[in-house]
Amino acid sequence: MSDVGERVVTQGFYVRPRYRNYLVLHPAILTVAEGRMRLVDHKDRVLLDAPATEVSARFSRFGLMHLTHAGRRLALQRQGLNWSPNFTTRQVEQLKAVGMPVPGLAGGMSGGGGDGLVDALAGLSALGEAADGVAELAASGGPLRRTWTPILTALGCRVQTRG
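Cut-offs applied
- Residue positions are given per chain, counted from 1 along the sequence in the order it is written.
- For a predicted model such as this one, the threshold for reporting local features is a pLDDT of at least 70, and the threshold for listing and counting side-chain atom pairs is 80 or more; totals across whole chains, interfaces and linings nevertheless cover every residue.
- Neither water nor hydrogens contribute to the side-chain values; these are computed over all heavy atoms in the structure.
- Candidates for patches are residues over 30% relative accessible area with no salt bridge; among them, like charges are joined within 9 Å and nonpolar side chains (Val, Leu, Ile, Met, Phe, Trp, Tyr) within 5 Å.
- Accessible surface area values rest on a Shrake-Rupley calculation with a 1.4 Å probe, where residue burial reflects the displayed protein chains alone.
- One speaks of a salt bridge when a side-chain nitrogen belonging to Lys or Arg is within 4 Å of a carboxyl oxygen belonging to Asp or Glu.
- Secondary structure elements follow DSSP: runs of H or I of four or more residues count as helices, runs of E of two or more count as strands, with numbering from the N terminus.
- Type-normalised accessible area, obtained with a 1.4 Å probe on protein chains alone, sets the label of each residue: buried when under 20%, exposed when over 50%, and partly exposed for intermediate values.
- Side-chain atoms within 4.5 Å link the members of a nonpolar core, which is a set of buried Ala, Val, Leu, Ile, Met, Phe, Trp, Tyr and Cys residues.
- One requirement defines pairing of two strands: DSSP has to find at least two bridges between them.
- Fitting a line to C-alpha atoms yields each axis, with helices limited to the stretch in contact; the angle taken between N-to-C directions then spans 0 to 180 degrees.
- Contacts are assigned to residue pairs with any non-hydrogen atoms lying within 4.5 Å of each other.
- Think of it this way: a Phe, Tyr or Trp ring, Trp meaning its six-membered ring, pairs with another when their centres are within 6.5 Å, and the plane angle makes it stacked under 30 degrees, edge-to-face over 60, tilted otherwise.

Trainee: What am I meant to see in a nonpolar patch on the surface here?
Mentor: A surface patch of nonpolar side chains, amounting to about 320 Å² of accessible area, comprises Leu23, Leu81 and Trp83. By the element assignment, Trp83 lies in the loop between strand S7 (72–77) and helix H1 (89–97). Residue Trp83 is classed as exposed on the basis of its relative accessible area, which comes to 58%.

Pasting the structure below:
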């Protein structure tokens, strides 16, 4: 069986600011590769770069995924708001290159996928629930809890669930 740590999973999110205007969310790309989690925003700032085993995740009932590392918490969500900047051209190209939907574009979270996604899913087919989670990322996504929990758990991330 293949190890999920050898696979690359990439998805676009909007990062919710902690102490600022919640109406302006910033686009960022979360990449999980080689057992590490890396979150880079639209200005190429690295918001998170750590081994997945050092990151904890919590899912809120409002559809947010909270990632915590070294005391810093990042709240991620799939949808931006009217005042949120769009994903940059570079970010759009990065997501499309791996066959992932781009939040905010017409049809961005409605699936469509692409050849890159088909190849990635073929490679992940041996990973059971983690592969199922990745497959749902390309479709409408489903709740973050359902799609990301198996992926993060397989990486060794501490996942806290809420009832």
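Trainee: Honestly, unusual backbone geometry in this entry has me stumped. Any pointers?
Mentor: In most cases, non-glycine residues show a negative phi, while peptide bonds are predominantly trans. Even without glycine at this site, Glu34 takes up a positive phi of about 50 degrees. With respect to the helices and strands, Glu34 occurs in the loop between strand S2 (26–33) and strand S3 (36–41). Of note, Ala70 is a non-glycine position whose phi angle comes to about 50 degrees, a positive value. Mapped onto the elements, Ala70 comes out in the loop between strand S6 (65–69) and S7. We classify Ala70 as exposed; its relative accessible area is 73%.

Trainee: Would you explain the nonpolar core in this entry?
Mentor: Considering soluble globular proteins, one finds that nonpolar side chains tend to be buried as a cluster. Membership of the largest hydrophobic core comes to 25 residues, with the highest contact counts inside it found for Leu30, Met37, Leu39, Met65, Leu67 and Trp148. Those elements giving two or more residues to this core turn out to be strand S1 (9–16), S2, S3, strand S4 (46–51), strand S5 (56–59), S6, S7 and helix H4 (144–155). A per-element tally of this core places H4 first, with five residues. In this structure, Ile29, Val92, Leu95 and Met100 belong to the second largest nonpolar core, which totals eight residues.

Trainee: I'm lost on the sheet that holds S3 in this one. Help?
Mentor: Sheets are built from strands that pair by backbone hydrogen bonding, the pairs being arranged parallel or antiparallel. Taking strand neighbours across the sheet as the criterion, the eight strands line up as S4-S3-S2-S1-S7-S6-S5-S8 in an open arrangement whose pairing is mixed. Edge positions in the open sheet fall to S4 and strand S8 (158–160), since each of these has one partner strand only. Across the sheet, the axes of successive neighbouring strands diverge by a mean angle of 30 degrees, strand direction being ignored. Where S2 meets S3, six bridges bridge the pair, whose relative direction is antiparallel. Within S3, the position partnered with Ile29 by the bridge is Val40. Across the sheet, H1 lies against S1, S2 and S3, angled at about 35 degrees from S2, the strand it touches most. Relative to S5, H4 is tilted by about 165 degrees, and along the sheet it contacts S1, S2, S3, S5, S6, S7 and S8.

Trainee: Looking at this structure, I do not really get the side chain of His66. What am I missing?
Mentor: Assignment of secondary structure puts His66 in strand S6. Its relative accessible area of 7% is what places His66 among the buried residues. The contacts of His66, once residues within four sequence positions are left out, are Ser56, Ala57, Arg58, Ser60, Arg73, Leu74 and Ala75.

Trainee: Help me out: how do you make sense of the packing of aromatic side chains in this one?
Mentor: For any pair of aromatic rings, geometry is given as the distance between the ring centres together with the angle between the planes. A complete count under the given rule lists two aromatic pairs for this structure. Measuring from centroid to centroid gives 6.0 Å for Phe13 and Trp148, while their planes differ by 55 degrees, and the two rings are tilted. Taken together, the positions of Phe13 in strand S1 and Trp148 in helix H4 put the pair 135 residues apart, joining distant regions of the chain. Trp148 gets classed as buried once you look at its relative accessible area, which sits at 0%.

So, to be careful, I would describe these as geometric facts and stop short of saying anything about function.
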